[in-house]
Structure formats: structure tokens, C-alpha cells
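# Descriptive analysis of the structure
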Amino acid sequence: MSQTDLVLGFVLGKLNTGDILFQAIIFVVLLLLLKKFAYGPLVEMMRKREEHIAKEIETAEKKREEAAKLLEEQRKLLKEARVEGQNLIENARKQAEVQHDDIVATARQEAERMKDAAKVEIEQEKAKAVAALREQVASLSVMIASKVIEKEISEKDHEKFILDSIKEAGEMK
């Protein structure tokens, strides 16, 4: 038998059905064995791998969603912190303005009080000066009157008398 004689079970122009049937049975048995020992475990392994990948994708999706939620929460907290910081700065600025206004008002009141005290002191000193001046004028008047009574004077004597009286008043100080 040559190789050309055994093509598809033909031997010398005749169909060899026994060989074809035997080869078909062997092929089916081989397919069954492959299904049981190769294809079945391979399919099972592929199914498990598919489930594993699906679980990994699901886990990754959940983690991505959690990360997105955390990111949003962090952004919200950061925004709230910024608003709170701005509020603190604004409150501090307002408080500083109030303190500034209080300090200015206190300084003005103190200046007004000092001004009033100075006015009172000036008035008192003025009153003292006026009283002292009245005393001097009274004593000068008495002195002038007593000198006028002592003698009658001419105009030259009168001028001399006034100048002497002014000199004496200046020496009394």
C-alpha cells in the first residue's frame, strides 16, 4: 500500500468503510477526552478568570467611586475651610476697626478732657492774675492817692510822680 492508495480510506478505488468508521469513533472519543480533560478545564479556567476579572473591575469601580466621593468631600471641606478662613479674616478686620474706633474715641475723649482741664486751669490762672492785678491796682491807687494828698503837684511833678509810681510798682513784683 502506498500513500496515495490510502487517501480517505480508498484502497484501489474502493471505499474502506471500516477504517472510516474506526477513525470516526476514535475522533469522537478523542473529542470527548479533549472535552473532558482539556476543553472542560480550559472553559472552567476561562470562566473563573472572567469572574475574577469582573470582580476586579467591580472592585476597581467601587474604589474609583469611593475615591471620587472622598475627592468631592475633600473639595467641600477645603471650600468650607476657605470660607471659614475668609470669615475669620473678615471678623478680625471688623474687630480691628471697632478697636480702632474705640481707641480713637477714647483718645478724643481724653484730649477733650485735657482741653477742658486746661481751659479750667487757664481760667483759674486768669482769675488769679486778675485778682493780683486788682490788688496791685488798689495798692497803687492808695499809694497814688496818698501822695496826691500830701502835696499839690505841677505837671512836671505829676509826670515824675507817675513814672516813680510805675517804677515802685515794678519793684514790688
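Rules of the game
Residues numbered from 1 in each chain as written. Predicted model: local features only at pLDDT ≥ 70, side-chain atom pairs only at ≥ 80, totals over all residues. Heavy atoms only, no water. Helix = DSSP H or I, 4+ residues; strand = E, 2+ residues; numbered from the N terminus. Buried < 20%, exposed > 50% of the residue type's maximum accessible area, 1.4 Å probe, protein only. Areas by Shrake-Rupley, 256 points an atom, 1.4 Å probe, with all protein chains shown as cover. Salt bridge = Lys/Arg side-chain N within 4 Å of Asp/Glu carboxyl O. pLDDT = per-residue confidence, 0-100. Patch = residues over 30% accessible without salt bridge, like charges linked within 9 Å, V, L, I, M, F, W, Y side chains within 5 Å.

### Overview of the overall build of the protein
- Of regular secondary structure, the protein possesses two helices and two strands.
- When the 173 residues of the protein are sorted by exposure, 3% land in the buried category.
- A total accessible area of about 15900 Å² is found for the protein, and carbon and sulfur atoms account for 62% of it.

### Thoughts on the pattern of salt bridges
- All told, the structure shown has seven salt bridges when counted by the stated rule.
- One salt bridge connects R47 with E51, and the closest N-O pair in it is separated by 2.3 Å. In this pair, R47 and E51 are both assigned in helix α1 (residues 17-150), four residues apart and thus about one turn of the helix distant.
- The salt bridge partner of E125 is K128, with a shortest N-O separation of 3.8 Å. Within this pair, E125 and its partner K128 are both found in helix α1, separated by three residues, close to a single helical turn.
- Owing to a relative accessible area of 55%, K128 belongs among the exposed residues under this scheme.

### Brief notes about the confidence of the model for the protein
- Averaged over the protein, the pLDDT score is 84; the fraction of residues at 70 or greater is 84%.
- The least confident element of the protein is strand β1 (residues 10-11), whose mean pLDDT is 54; the most confident is α1, at 89.

### Observations regarding a nonpolar patch on the surface
- Together, F27, V28, L30, L31, L32 and L34 make up an exposed nonpolar region whose accessible area comes to about 560 Å².
- Summarising the element assignment, F27 is placed in helix α1.

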